Amino acid sequence: MIAPCERENLSYDLISEDMEVFEYKTALAIPSSERLLEDFSGIYDKYGRIISAGSLFRGPELDYVMGKKHYILGKFNPRSAFPSISDIYWGGFFVGHYGHFIMDTLPRWWNYKKFKSMGYKIALNSHLSREKILSLVWFREFLFLLDIDENDFVVFTFPVIIKNLIVAESPMMDRNCVNDELAKFYQSIGDKAMQHSDPELRSIKNVYITRENLKYGGLYIKNEKEISESLRNDGFSIVSPENLSLCDQLCLFRNKNVTGFVGSAFHNSAFSKGTNGLALSFSKKINRSYALFDAVNEAKISYYHIEDYSIEGKEHFGGSFSVLNPKKLVSFIDNWVCGKVKNNFLYEFSDWEKENIPSQAMDIDGPYKIYDHRGLEAYIHPQESALWFGSSGNGTPFTHPVHAFISGNTIFLIVAHKDAPVLHIDGMDSLSPVLMLDFLGDKNLCGISFQKNGVVTSSPINENNKAIIKGAYFGEWEKFRLEKDNNIISCGRYDKIISLIKKKLTYQ
């Protein structure tokens, strides 16, 4: 069976704000070593504090990868005897891997052209020597496409003081967020690559990216030759990206139907706009960075995973996979080219209004105060924006209660304040100024559930209780009581949201 991969909600992760550029008159750079993840590798300000804008973050929680979080170098002093260098643009961390270069390193170079004209050199933090980096053909080709001379870049091999350091905010954080600036920058690179690409390659329309000739990697497909030969007979061009020039690789996704198994080659779609593709996988969960690249470039790449496969070990690869029904896969690809396969783009968007305000007008009853099984009232935590149960005053952090409004089997939760700050319950992915949940029971003894996925429980933490969405069990801790509140708020965003639910106005 061939099934859609899981999609990623990027509602808050596609950014359009202007990028920041920071200038430091004095800074310290500490290079990487063979161990890569050195405790103190990175750049520091004149006080010895890590410069977070120049550090490497990854993942939904923005985990530190390079550079030590919140550390101060006790021995650093801007008047110390470290050697110094002037006029440096921070080029980021470089590990020698093509995919990570596109995700982690190259995005930082978006503003180097401006500072290159002012005489600044671009510096990389890498365990690889400058000579080793320049031996990478694809790296030299990127320098060509960006009009960067080999003499324009440096690699530090020992700690140095930097006078006049430029740190441009990265428009891409792997698996976290992406800025529109990345699309502008990468598409300009792709445009130049197009001018130097093979005209014959530009003319083909249906492409299958094969992994047959890879010597190492995460994925090896044992019977891929059978798949590619069948597709060749159906009119596909079979392409091994590693045998192409960089310019040809970057143009591979322009004005074509491109299919193949997910890998670093698909990152090249980031240099094109509106790519039409079919990405195949043996896992339903895809690295979130593919969704970020696709969304910012408005790519039309559908992601599907193959459920019928076998796997065994293979030297230099993460695994050797066999597609158990290759004819079915080829037929699926042919149907995709003909427009017979449903689109399954990896990214999707939503907003708090669509998720939490019904499309039809509702008569609502409220506001009500909410009390848990201990008689503690529902409040918003001022730092977490989470729903807690406790008492205001007496040293507690709670000042603003949470109101409930009822309509049939639906309950709306909103903070009792004119600004209606965002609220969430542990177990929910997003924050919203109003939460729409399922209402169970009656006002004297009710339960609250979230999208039928679990009920809200009041879990003890110290003197207070925290609201958490758990399983389907409905016991004492999952029972709540509602009490009418005469504190009517008739102004600000709070009142607008109530009017939205009643459909008395359109939110502006």
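Residues numbered from 1 in each chain as written. Predicted model: local features only at pLDDT ≥ 70, side-chain atom pairs only at ≥ 80, totals over all residues. Heavy atoms only, no water.

**A few points about the packing of helix α7 (residues 224-233) against helix α10 (residues 326-337)**
For the pair α7 and α10, the least separation of the axes is 10 Å and the interaxial angle reads 40°. With respect to each other, α7 and α10 are oriented oblique. Seen from above, α7 lies across α10 with right-handed handedness. Contacts between α7 and α10 pair E226, I227, S230 and L231 from the former with P326, L329, V330, I333 and D334 from the latter. Class assignment of the residues belonging to the contact of α7 with α10 gives a composition of six nonpolar, one polar and two charged. (Axes fitted to C-alpha atoms, helices over the stretch in contact; angles between N-to-C directions. Helix = DSSP H or I, 4+ residues; strand = E, 2+ residues; numbered from the N terminus. Parallel < 35°, antiparallel > 145°, perpendicular 65-115°, else oblique. Left-handed = near helix turned anticlockwise from the far one by under 90°. Contact = heavy atoms within 4.5 Å. Nonpolar A, V, L, I, M, F, W, Y, C, P; charged D, E, K, R; others polar.)

**Description of helix α1 (residues 98-105)**
Of all eight residues in α1, seven are buried, a share of seventy percent or more. Within α1, burial applies to Y98, G99, F101, I102, M103, D104 and T105. (Buried < 20%, exposed > 50% of the residue type's maximum accessible area, 1.4 Å probe, protein only.)

**Let's talk about the nonpolar core**
The biggest cluster of nonpolar side chains holds 71 residues, and the ones touching the most others in it are L106, W109, F139, F142, Y186 and I189. For this core, the domains that each give at least three residues are domain 1 (2-9 + 180-348) and domain 2 (20-170). The contacts of Y186, once residues within four sequence positions are left out, are I102, L106, P107, A270, F271 and F293. With 27 residues, the next largest nonpolar core counts M428, C446, I448 and V456 among its residues. (Core = buried A, V, L, I, M, F, W, Y, C linked by side-chain atoms within 4.5 Å. Domains from an automatic or database assignment.)

**Remarks on a nonpolar patch on the surface**
Side chains of Y309, I311 and L324 sit close together on the surface and give an oily, nonpolar patch of about 290 Å² of accessible area. Along the chain, L324 falls in the loop between β21 (320-323) and α10. For L324, a relative accessible area of 54% translates into the label exposed. (Patch = residues over 30% accessible without salt bridge, like charges linked within 9 Å, V, L, I, M, F, W, Y side chains within 5 Å. Areas by Shrake-Rupley, 256 points an atom, 1.4 Å probe, with all protein chains shown as cover. Salt bridge = Lys/Arg side-chain N within 4 Å of Asp/Glu carboxyl O.)

**Here's the deal with the sheet that holds strand β3 (residues 14-15)**
Taken in spatial order, the three strands of this open sheet run β3-β13-β12, and their pairing is mixed. Edge positions in the sheet fall to β3 and β12 (172-173), since each has one partner strand and no second. The sheet contact formed by β3 and strand β13 (residues 177-179) spans two bridges and is parallel. When the sheet's bridge partners are listed, L14 is paired in β13 with V178. Its contacts with the sheet place helix α5 (residues 180-195) against β3, β12 and β13, and it is angled at close to 60° to β13. (Pairing = 2+ DSSP bridges.)

**Topic: the pattern of salt bridges**
Any two side chains of opposite charge can pair, on the condition that their charged atoms come close. Considering all chains together, one arrives at 22 salt bridges under this definition. The partner of K484 in a salt bridge is D365, and the shortest N-O contact between them spans 3.4 Å. With K484 in strand β32 (residues 481-484) and D365 in strand β23 (residues 365-371), this pair connects stretches of sequence that are 119 residues apart. If you follow the salt bridges from partner to partner, you end up with E8, D13, K285 and R288 in one network.

**Quick notes on α7**
What sets the pattern is the α-helix's 3.6 residues per turn: residues three or four places apart point alike. Buried residues of α7: E224, I227, S228 and L231, and no others. Taken down its axis, α7 places every buried residue within 90° of arc, on the same side. Turned more than 90 degrees away from the buried face of α7 sit K225 and N233, all of them exposed. Looking at the buried residues of α7, the elements they touch are β14 (206-209), β15 (220-221), β16 (237-239), β17 (257-261), β21 and α10. (Arc of directions from axis to C-beta.)

**Comments concerning the packing of aromatic side chains**
Evaluated as defined, the whole model comprises 34 aromatic pairs. Members of the aromatic cluster, connected to one another through ring pairs, are F94, Y98, F101, W109, W138, F139, F142, F153, F185, Y186, F271 and F293. One cation-aromatic arrangement involves R130 over F153; the distance from NZ or CZ to the ring centre is 5.0 Å. Just above the ring of F144 sits the side chain of K192; from NZ or CZ to the centre is 5.0 Å. (Phe/Tyr/Trp six-rings, centres within 6.5 Å; stacked < 30°, edge-to-face > 60°. Lys NZ or Arg CZ within 6 Å of the ring centre and 35° of its normal.)

**Considering the domain arrangement of the protein chain**
Note: interface size is frequently given as the accessible area lost on complex formation between the parts. Each assigned domain of the protein chain is listed with its residue range as follows: domain 1 (2-9 + 180-348), domain 2 (20-170) and domain 3 (365-507). The interface of domain 1 with domain 2 comprises 19 residues on the first partner and 16 residues on the second. Taking both sides of the interface into account, the surface hidden between domain 1 and domain 2 amounts to around 1,500 Å²; carbon and sulfur atoms contribute 75%. At the boundary of domain 1 and domain 2, one finds one salt bridge. Measuring nitrogen to oxygen at the nearest pair gives 2.8 Å for the salt bridge that ties D147 to K192. There are five residue pairs in polar contact (both at pLDDT 80 or more) connecting domain 1 and domain 2. The set of elements that each furnish at least two residues to the side of domain 1 that touches domain 2 consists of α5, α8 (246-251) and α9 (288-296). Element by element, the count of residues in the side of domain 1 that touches domain 2 is highest for α5, at seven residues. For the side of domain 1 that touches domain 2, the residue count by class is ten nonpolar, seven polar and two charged. (Buried area = accessible area lost by both parts, 1.4 Å probe. Polar contact = N/O pair within 3.5 Å; in protein donor to acceptor, adjacent residues only side chain to side chain.)

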